[in-house]
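Residues per chain, in single letters:
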Amino acid sequence: MILGRIVGNVVSTIHHSIVEGRKLLVAERLDSNGCPTGGYVIAFDAIGAGQGETVLILDEGNGARQILDDANAPVRSIVVGIVDAVELESS
Amino acid sequence: MLLGRVIGTVVPAVLVDELSATPLLWVQPLTRDGKAEGDPLVCADGTRMAGPGQIIYWVASREAALALDPWFVPVDDAIVGLVDDVRLYTPKELR
């Protein structure tokens, strides 16, 4: 899983049927210090994450299909948690 | 999934049977603010609605095959949907 921050959403009317009724979130990828890495991912939302929130993103297809309960969903990234804090052991 | 812009179409002369019914499009991957990033790639179009100039989102590998119908097909990348708008929150909204 990866850390991300919700920075936007995608509006789409023509799409695969799995997208119907679901929210597509734009999440920037974060490193362990919470800084943006420059990368991003468009993820489904399993928990109701909102703008600016730091989230946990499952970035693996089989797990995502399990959460969506659809063995044929063409989905890899899905927001599965909202992060309060990340604590790092000080070196 | 990532954003991309359709920059052209691919017309194959000979193609494996599994892919013969699927449109193939050139796609330039984009950053979240719409700038080109990385090398263009060929995507199978699962929506059958995309064309040059269209902003789309696409998936790779096994998910790409699952985006198509029939889904057990040999593809690397596939278009899942067309983008009407990418709404990026302002720094003020993110605070």
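These numbers were taken from a predicted model, which means no experiment stands behind them.

*Asks:* So what about the interface of chain A and chain B? Which residues, and what values?
*Replies:* The partner chain B presents 28 residues to the 23 residues of chain A that form the contact. Those elements giving two or more residues to the side of chain A that touches chain B turn out to be β1 (2–11) and β3 (36–45) of chain A. In terms of residues, the side of chain A that touches chain B owes the most to one element, β1 of chain A, which gives 5 residues. For the side of chain A that touches chain B, the residue count by class is 11 nonpolar, 11 polar and 1 charged. Relative to strand β6 (residues 85–88) of chain B, β1 of chain A is paired through 4 bridges, and the arrangement is antiparallel.

*Asks:* Explain the environment of R65 of chain A to me, and be specific about the residues and the numbers.
*Replies:* Residue and element names in this part refer to chain A. Relative to the elements of secondary structure, R65 occurs in helix α1 (residues 61–68). C-alpha of R65 to C-alpha of I42: the two residues are 23 residues apart in sequence and 16 Å apart in space. Residues contacting R65, with those up to four places away along its chain left out, are D70, A71, A73 and V75.

*Asks:* Can you explain unusual backbone geometry? Please cite residues and give values.
*Replies:* All names here are of chain B. Going from D69 to P70, the amide bond is cis rather than trans, its omega being 0°. For S61, which is not glycine, the phi torsion reads 55° and is therefore positive. With respect to the helices and strands, S61 occurs in helix α1 (residues 61–66). Judged by C-beta crowding, with 13 C-beta atoms within 10 Å, S61 ranks as partly exposed.

*Asks:* Go over the pairing of β1 of chain A, please, and point to the residues and values.
*Replies:* All names here are of chain A. Taking burial as the measure, the 10 residues of β1 include 8 buried ones, the bulk of the element. Where β1 lies against strand β2 (residues 24–30), 6 bridges are found, and the strand directions are antiparallel. In the strand pairing of β2, G4 is matched with R29.

Rules of the game
- Here the residue numbers are simple positions, counted from 1 along each chain's written sequence.
- Chains and ligands are labelled by the order in which they are written, letters from A for the one and numbers from 1 for the other.
- Totals for whole chains, interfaces and linings use all residues, but because this is a predicted model, local features are given only for residues with pLDDT of at least 70 and pairs of side-chain atoms are given and counted only at 80 or more.
- Whether two residues are in contact is decided by their C-beta atoms, placed from the backbone, lying within 7 Å.
- Strands here mean DSSP runs of E at least two residues long; helices mean DSSP runs of H or I at least four residues long; both are numbered from the N terminus.
- For this classification, Asp, Glu, Lys and Arg are treated as charged, while Ala, Val, Leu, Ile, Met, Phe, Trp, Tyr, Cys and Pro are nonpolar and the rest, including Gly, are polar.
- By the convention used here, strands pair only if DSSP detects at least 2 bridges between them.
- Any residue with 12 or fewer other C-beta atoms within 10 Å of its own C-beta is exposed, any with 20 or more is buried, and the rest are partly exposed; the C-beta atoms used are placed from the backbone.

Such coordinate-based values are descriptive only and should not be taken to indicate function.
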